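# Observations on the three-dimensional arrangement
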Amino acid sequence: MTAPLDSHAPNTRYVARKRRVTEDKRLAAGRGNFVQDIVLPGMLHVAVLASPHPRAKILSIDTSAALALPGVAAVLTGAQLSAATNPLYGGLPTPEVKWYPLAVDLTRYAGEWVAVVAATSRGLAEDAIELIAVEYESLPCIIDPEAALLPDAPLVHPGHKSNVLYRQTFTWGPVADDFAKAEDTLTFRARWNRSSTVPIETFGALARWDIGREIIEIWASIQMPNYAEQIAASLRIPLNSVKVHHDVDVGGSYGVKRGIKHTIIVAHLSRMLGGVPVRLIEDRLDNMSGGDAHGPDRIFDTTVAFDKNGSIRSLKIRALDDAGAYPGRGPFQLGKPIAALVGPYTINSVEYEAISVTTNKTGQVPVRGFGQSPTNFMIETAVDKVARHLGLDRLEIRRRNFIAPNAFPYEIPTGTKYDSGNYPAVLDKGIALADWQHLTLRRDAIRKEGRLAGIGVATCLEPGGGNNMFEYLMNPAAEITTFMEGCGIRVDSSGRITGIMGTTTSGQGHETLVATIMGEELEREPDDIRVLHADSLAGLPTRSPVASRMAIMLGGAAAGAARKIKDKLIKIAAHNLGVGESELDYDGGTFFDRANPARKLTWEQLCIIAHRQYHKLPAGLEPGLQAEYVWQVPGGGQLPDAQDKVQLYPCFSFQAHFALIEIDPGTGKVSILDYALAHDCGTVINPDIVRGMIIGGVAHGIGAALYEQFTYAPDGQFMSATFADYLMPSVFEVPFVRDVEHCTPSPLTSHGQKGSGEGGYLGAPACIASAVNDALSTRNLCLDSLPMHMMKIEALLNGDSQT
Amino acid sequence: MSMIKLTVNGVARSASAEPRMSLLDFLRENLGLNATHMGCEHGVCGACSVILDGAPVRSCLLFAVQADGHAITTAEGLRKDDGTPGVIMDSFMEAHGLQCGYCTPGMMIAAHALLEQTTSPSDDEIHEAIGGNLCRCTGYAQIVEAIRLAGRRMKDAS
Amino acid sequence: MKAASFDYIRATSLDHALSALAESEDAIILAGGQTLVPMMAMRLARPATLIDLNEISELAGITNRDGYLSIGTMTRQAAALASTEVNAQTPLLAKALSFVGHTQTRNRGTVGGSIAHGDPSAEIPLAAIALNAEIGLASRTGTRTVTARDFYTGPLSSVRRTDECLTEIRFPIWSGTVGVGFQEISPRHGDFAIVAVAAQLEFGADKVCRRASIAVGGASANPVHAAEVEAALVGKRIDPRLANEVSRAVDPILSPTDDLHATAAYRRRVARVLTERAILEAAA
C-alpha cells in the first residue's frame, strides 16, 4: 500500500513547521530598506505634471518659468525624452502603439504624465510644475470598452487604425458537438470593473548614472520580470550597464509594482545631469491616476452548455478587456487564465474569444492572479447559475463536475495538465470548517425575520509557477519557452551558509523560503542561514516573484543548489573516511560510516577541508563550497501544438470558500457575517506566511467584490484618485476568516509545494458574489457586476434601473 | 525656515524646516527616522501614525512647526533602549502580523496607544484602535493576533 | 503632494489669533487640520498665512452653563467623545461623534473645525443643526452668535466672515426623558456619511413624544432640519407604523445630487429609511 498523498504531517525538520519569518525581524523593528529610505548625497526629487484632459493634442509646452525657479535642475518633456529613448515594451505585435514615459504630442488619459521637474526637494519640484504652461486642444475621448469597438470611435492610437489591440478566438475540444449534445444552455454577462491591488507604498525609483563604470544603478520598489532588460532597451544601453539593486524592500505589490516609465525618467535625468542621483517617489495622486496601478477591466459574455443532471459540457466565453491607453503587459491577462479556463471541473471543451481594446484610461498592469480572479468569478457565476436554473444544490453541482482525485495528472481542453488535487476532500474540509448546516440555519433564521441573507460558495484554482506560453499564443513572435529561476549558495569555512537570490521581495518572505529549504536539504538551522538579494549584474537569472511562482521556482532552485553542496560534501566525506558514498549516513550536517558510526566527519570539519585542506579533497574536486542552480519550470519548454494546446503553469492549488452575508434592504449594504475557507497548496513551506497570504488575499478579494473601483466619468475624468474615493477594506470590513489547510503535494516540485501568493484573492470575489446572489435570489434578482456597491444593490432591490 | 525643537522618543531633537513641511517628512528627512512611512499623505491610510503628547495621530496631517515644543513617539520608540525589539515588535514577529512591513510601524503605533490603555483589549477595541490603519497584505487577522499576544505579554510582565 | 509655501503664525491667545486674522491677507485658520491639511497638500487650499489655533488652551474645554453645553471650538473630537458631560447632557452629539473618522483623526480633529468646514455629510454639523446649537463667533471688532440652522449658506460655506473665528458651540441641554437616534450609511466604517440622520426626542411619562429634533445630512447642500417630521411626531406615541409614515415627510426638504459614491435617487430613498430608523432608535 502506498502512502496517502494527503498526509499533512510531512516528515520534515523545518519545512511546514511554525517558524518565525526571517524578514519580520527587520520589518517589524522598523528597519526596512524601502526605496524612500535610501538617500544619496545631492539627490534630486522629481514631481510630475499630469494632463487634465482624457484626450488632447499638446500644442505647446513652455518650461522657461519652471527652469528659472531656484533649485530646479531640469525640466523634461515627452518630446525631449522620446528623442533620447526607445518606446517602452508592449508585448503585442502593435508597432504603432507607442508608449513613452511622458506623452508625446497627444495625451491619452486624464492623469497622463506630460512633463517632469527635478529639483532639490519634492515641494520645490511641485512649485515648478505649477509654472509649466501647456497649451492643449481637447479632443473627444473613448471610455467605454464596447463603444471603443465601434467603427466611428475616436482612436486612442490613430496610427494603429483601430482600438482593438488583440482579438482571437480559440476553440479547444469539440465545442459545437458538446453544445449540440447538451440538454440546456444559459447565457449571461459578468462584469469585473477596474480595480487593483493598491499597495500602501506607492511606486518609487532612484537612479544614479555611474559615469566611471558606465552603469546605471537603480533602486526601485519593483516587482517585475525583465526589468533590467526593458531599462537597457529603452535607454539604448547594454544590458550589463544596468544594475538593479534587489535588496530594496518593496512595500507591497501583488503584481502592480512595474514602474518602468518612472525608472526611465529618473535614469535618463541622472544621465542627463552627469550622474546626479534622481528619485521619483509617486505621491498617492500620481500613483492612482497616472502610475502603473490599474488592473483588469473586463466584460465576460458566457454561454454554458449542460445537462439536466448538472453536468457541464462546454463553455463559450467572450472576454472583452479594457487595457486603457497603454497596454504594457495588461492584455496578456486575458491569456494566463487559459491555464485554468475550465476551473476544477471536467468541462470537455471551451471556446474563448479574447479581445483587448485600448481606451482613454490609465494603462492596465498585472494584478494578483494575472486575470485569473475575474475568470474564476465568471466560471463560478456560471456554475451557480446552472445550479439555480436546475434547482440543484450548489455544493452538489460542484461535486458532480469536479475532476476526480484519481484522475491526475489531468489534461484540460486547453492542453494544460493539472499536476495534482483532491477537490472533494478540500470541499469537505471547508464544509466542516464553515459548518455549512449551521450557516444555512443562520441564513434561514435571518430570512425568516424578513431580511436578506445569503451563503456564498466558490471552488477555485490558483495556477502557480509561471510558464507564460500564453504570450506565444497571443503573439507568436514571442518564442520564449524558458521560464527559470536561479539560486546560489555559499558555505563558508566556518560552516555558515549564505543563500543568494536574484530578485526583490514585497512581503512574500523569500528569505525565509530559501533559508527553510536550504536548511531542510542540508539539515542545518535555517535561522543561521543568511539570504542575500543579489543585484541584477551579480545575481543569477530570475523571472521575479510573479505568477505565484517563488515557492515552486525559487524553492526548487534553492533545493537544487543545496543538493549540489550536499553531493560535494558526500564526495569529500567518502574520500576522507575511505568508504563509498552509498555507505554513508547523514544527520544534521555530519556524515557517518554506516558500518562504524564512530567514524564520522562533522559539518565543520568538512567545511574546513573544502576551504583550507586541498590535500584532503578528492582529485579534481573544485575547492570551496559554492553552487548555483538554475531551474526551468517543470513541464515548460514546449511551444503550443497545432490546436493551440500547450502546458501553461505547472502547479494548481485549490481553494474552497464559504461566506454568510446579510444585505440591509434599506441601504443595500452588505455585511459579511462569517467567512471560512479550505486551501490546498501542497506542502506549506511556512504556515504563517501561507495563512497570511490566504487571508490577505480574501481581504483583497472582498475589496474587489464590494468596494473598490477606479471610476471614470463619461467625459473621461478620473474619479478615484484618493483613498477617500478608492475604498479599500479596513479591519471593520474584513471578517475574521477561519482557514484550514489540506495537503495534496505536487509531484513536480522539490517538497511538494505549490503556489499560494495570489491566495484568497482568486476565490473571494466569486464567493462574495455567490453569497450576494443567494440573498438576492429570494427576490428573483441577480447582480453579476463587481464591485457590488451598496448603491447598485439597493437600486436593484428598489427597482431603480437608472442607478 | 523655522527652528523646531521637540522631544522624539524621549530625546530632545531640533532641526529647521519650512512651515509647509509635514511632520512626516520632517521625521524622515530632517531627523533621519525612517520607520514612519508615507502611504497616502491625505490622512486615510495610517502608515504615518505617531504618538503626539500621548495620543496617536497622523503625522502627514500635521506641519512640523506645529510639533514645536511637543513630544513625539515614533515606531523607533517601540524598541528597547539597547535597540532590540520591544514587546509589541516582538509580538508582531511571533504572530507574523505583517508581510511587506510598510503599514507595520503605523499599526504598531496604534497598538501601542491601545495597549497603554488596556492590556486585555476586546476585539472591538482592537478594531477601533487600528480601524484607521490600512493593510493590504494581511487581511488583519495576524495583526489582531499580534496585538492580543503583545497585550498578554505586557500583562504577564506587569 | 506637498503644500505650497505659507507663513505660519502660532497664535498664543484668541486675541492674538483675531489680530493676525484681521491683519493677514488671505489667511486661513488651522484647527485640527484633518481636512485642511490634505487640501493644502493637494494644493486645493493655498493660504498665504496659516493661523494655528492649536496652542490656545482657552478655546478648548467643555462647560455646562445656562442650559447649554458649551464646547470650545478647539475641543478635540476624541475629548468630546470621551466626555461624560457630553454623553449625559448632549447624547445626540456623543452618538454623532462615534461616527466621525477614526481614533487618530478624532485625536486631532476638533468640534469647531468640523462645524466651520461644513461638509454636507459631516456628523457634527448634522448634530448641531438637529439641536440648533449656537455658534459663537469672534473677530477683533466683536462677538456674535449664530444658530446652526442659520450658519450655513451652502456646501463648505457659511456666514462666518473671513476675519471671524469660531469660539464655542453651545448645544442645548434637554431635560426630561430623552432618546436619541443617529443613523448613517457609509461604504466603510469611518468614511464620510453618504446620508446620515440625527434624531433627538423627548418623551413624557406616558411615552408620548413631547419634543422632537431631526435633521438629515448628505442629501442637500447642508444638513437640513426636518420640521415637518418633528411636527408629525410631537403628541404621539411612536411605533414602527408611525415612524414609517412620518419619515416620508423628509423627501420634500431634500435636494440631493449625484456623486461618485451615490446617486441623488439613492440618497433620497436612503434618507427616508434612515429617518425611520433614527426615530425608532430614539424611541427605543
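Keep in mind the model is a prediction, meaning the values are calculated, not measured.

Here we come to the overall build of chain A. A tally of helices and strands in chain A yields 20 helices and 29 strands. In terms of overall size, chain A behaves like a compact globule, its C-alpha atoms giving a radius of gyration of 27 Å where 803 residues would be expected to give roughly 28 Å. Judged by the C-alpha coordinates and their principal axes, chain A covers about 85 × 75 × 50 Å. Sequence separation of at least 24 residues holds for 80% of the intrachain contacts in chain A that already meet a minimum separation of 6. Entry remark: accessible area of chain A is about 25,700 Å², with carbon and sulfur atoms responsible for 51%. Placing the 74 positive and 88 negative side-chain charges of chain A at their respective mean positions leaves the two points 3 Å apart.

Moving on to the side chain of Glu-112 of chain A. Residue and element names in this part refer to chain A. Assignment of secondary structure puts Glu-112 in the loop between β4 (106-107) and β5 (113-119). Although buried, Glu-112 forms no salt bridge, and the nearest oppositely charged side chain, Arg-108, lies 5.2 Å from it. In this structure the side chain of Glu-112 is engaged in a polar contact, spanning 2.5 Å, whose partner is the backbone nitrogen of Arg-108. When residues no more than four places from it in sequence are discounted, the contact partners of Glu-112 are Leu-49, Ala-50, Ser-51, Ala-103, Leu-106, Thr-107 and Tyr-326.

With that settled, consider the interface of chain C and chain A. Contacts between the two partners involve 23 residues from chain C, matched on the other side by 31 residues from chain A. In this assembly, chain C packs against chain A so that about 2,400 Å² is buried in total across both faces, 58% of it on carbon and sulfur atoms. If you sort the residues of chain C by the area they bury against chain A, Met-1, Arg-188 and Leu-260 of chain C come out on top, with a joint share of 29%. Seen at the junction of chain C and chain A, the total is seven salt bridges. Across the pair Glu-130 of chain A and Arg-43 of chain C runs a salt bridge whose closest N-O atoms are separated by 3.0 Å. Across the contact surface, chain C and chain A share 18 residue pairs in polar contact (both at pLDDT 80 or more). No other element matches the seven residues that helix α12 (residues 264-283) of chain C contributes to the side of chain C that touches chain A.

In this model, chain A carries an average pLDDT of 96, and 99% of its residues clear a pLDDT of 70 or more. Within the model, pLDDT remains below 50 along residues 1-9 of chain A, and this stretch shows eleven contacts once partners closer than five positions in the same chain are excluded.

A word on the domain arrangement of chain A. All names here are of chain A. Under the domain assignment used here, chain A contains domain 1 (24-32 + 484-632), domain 2 (35-142 + 197-290) and domain 3 (392-465 + 649-797). The gap between the C-alpha centroids of domain 1 and domain 2 is 40 Å. Taken residue by residue, the interface counts 19 residues in domain 1 and 22 residues in domain 2. Each partner contributes to the roughly 1,500 Å² buried at the junction of domain 1 and domain 2, and carbon and sulfur atoms together form 53% of this total. Looking at the side of domain 1 facing domain 2, the largest losses of area belong to Thr-504, Ser-506 and Leu-537, adding up to 35% of the total buried there.

Further remarks concern the interface of chain A and chain B. Between chain A and chain B, the residue contacts involve 55 residues of the former and 44 residues of the latter. Summed over both partners, the interface of chain A with chain B buries about 4,100 Å², with 55% contributed by carbon and sulfur atoms. Taken as a group, Arg-20, Ile-200 and Val-731 of chain A account for 18% of the area that chain A buries against chain B, more than any other trio of residues on that side. In this assembly, chain A and chain B are joined by seven salt bridges. For the interface between chain A and chain B, the tally reads 24 residue pairs in polar contact (both at pLDDT 80 or more). Within the residue set of the side of chain A that touches chain B, elements represented by two or more residues are α1 (24-27), α4 (122-129), β12 (278-281) and α18 (687-707) of chain A. Residue contributions to the side of chain A that touches chain B peak at nine residues, all from α18 of chain A.

A word on the domain arrangement of chain C. All names here are of chain C. Examined at the domain level, chain C breaks down into domain 1 (7-52), domain 2 (57-172) and domain 3 (180-283). Spacing between the C-alpha centres of domain 2 and domain 3 amounts to 21 Å. Contact residues are listed per partner, giving 23 residues for domain 2 and 29 residues for domain 3. Overall, the association of domain 2 and domain 3 removes approximately 2,100 Å² of surface from exposure, summing both partners, and the carbon and sulfur fraction of that is 65%.

Attention now moves to the sheet that holds strand β23 (residues 590-593) of chain A. All names here are of chain A. Pairing is antiparallel in the open sheet, where three strands are placed in the order β22-β23-β24. In this open sheet, the two strands that pair with only one neighbour each are β22 (584-587) and β24 (596-601). Pairwise comparison of adjacent strand axes, ignoring direction, gives a mean angle of 35° for this sheet. Here β22 pairs with β23 via four bridges, running antiparallel. Among the inter-strand pairings, Asp-587 is bridged to a residue of β23, identified as Thr-590.

The subject of this paragraph is the pairing of strand β3 (residues 49-52) of chain B. Residues and elements named next belong to chain B. Every second residue of β3 is oriented toward a common face, with Ser-49 and Ile-51 on one face and Val-50 and Leu-52 on the other, all of them buried. The sheet contact formed by β3 and strand β5 (residues 71-73) spans two bridges and is antiparallel. Bridge assignment links Ile-51 to a residue of β5, and that residue is Thr-73.

Applying the stated rule across the entire model yields 86 salt bridges over all chains. Residues Arg-19 of chain A and Asp-527 of chain A are paired through a salt bridge, measuring 3.2 Å at the closest nitrogen-oxygen approach. Here Arg-19 of chain A is found in the segment before α1, whereas its partner Asp-527 of chain A is found in the loop between α15 (510-522) and β21 (530-533), with 508 residues between them in sequence. Each of Arg-122, Glu-126, Asp-127, Glu-130, Asp-283 and Asp-286 of chain A, Glu-18 and Arg-20 of chain B together with Arg-43 and Arg-46 of chain C takes part in a single network of salt bridges with overlapping partners.

All names here are of chain B. With their axes 10 Å apart at the nearest point, helix α2 (residues 87-94) and helix α3 (residues 104-117) run at an angle of 120° to one another. Comparing the axis directions of α2 and α3 gives the class oblique. α3 is crossed by α2, and the crossing has right-handed handedness. Seen from α2, the contacting residues are Ile-88, Met-89 and Phe-92; seen from α3, they are Thr-104, Met-107, Met-108, Ala-111, His-112 and Leu-115. Partitioning the contact of α2 with α3 into residue classes produces seven nonpolar, two polar and no charged.

This next bit is on the packing of helix α11 (residues 240-247) of chain C against α12 of chain C. All names here are of chain C. Orientation of α11 relative to α12, taken along the N-to-C sense of each, is 140°, at an axis distance of 8 Å. Judged by the sense of rotation from one axis to the other, the crossing of α11 with α12 is right-handed. Contacts between α11 and α12 involve Pro-240, Ala-243, Asn-244, Val-246 and Ser-247 from the former and Arg-272, Thr-275, Glu-276, Ile-279 and Leu-280 from the latter. Split by residue class, the contact of α11 with α12 holds five nonpolar, three polar and two charged.

What counts and how
- Residues numbered from 1 in each chain as written.
- Chains lettered and ligands numbered in written order.
- Predicted model: local features only at pLDDT ≥ 70, side-chain atom pairs only at ≥ 80, totals over all residues.
- Heavy atoms only, no water.
- Helix = DSSP H or I, 4+ residues; strand = E, 2+ residues; numbered from the N terminus.
- Rg over C-alpha atoms; globule rule 2.2 N^0.38 Å.
- Contact = heavy atoms within 4.5 Å.
- Areas by Shrake-Rupley, 256 points an atom, 1.4 Å probe, with all protein chains shown as cover.
- Lys, Arg positive; Asp, Glu negative; His and termini not counted.
- Charge placed at Lys NZ, Arg CZ, Asp CG, Glu CD.
- Buried < 20%, exposed > 50% of the residue type's maximum accessible area, 1.4 Å probe, protein only.
- Salt bridge = Lys/Arg side-chain N within 4 Å of Asp/Glu carboxyl O.
- Polar contact = N/O pair within 3.5 Å; in protein donor to acceptor, adjacent residues only side chain to side chain.
- Buried area = accessible area lost by both parts, 1.4 Å probe.
- pLDDT = per-residue confidence, 0-100.
- Domains from an automatic or database assignment.
- Pairing = 2+ DSSP bridges.
- Axes fitted to C-alpha atoms, helices over the stretch in contact; angles between N-to-C directions.
- Parallel < 35°, antiparallel > 145°, perpendicular 65-115°, else oblique.
- Left-handed = near helix turned anticlockwise from the far one by under 90°.
- Nonpolar A, V, L, I, M, F, W, Y, C, P; charged D, E, K, R; others polar.

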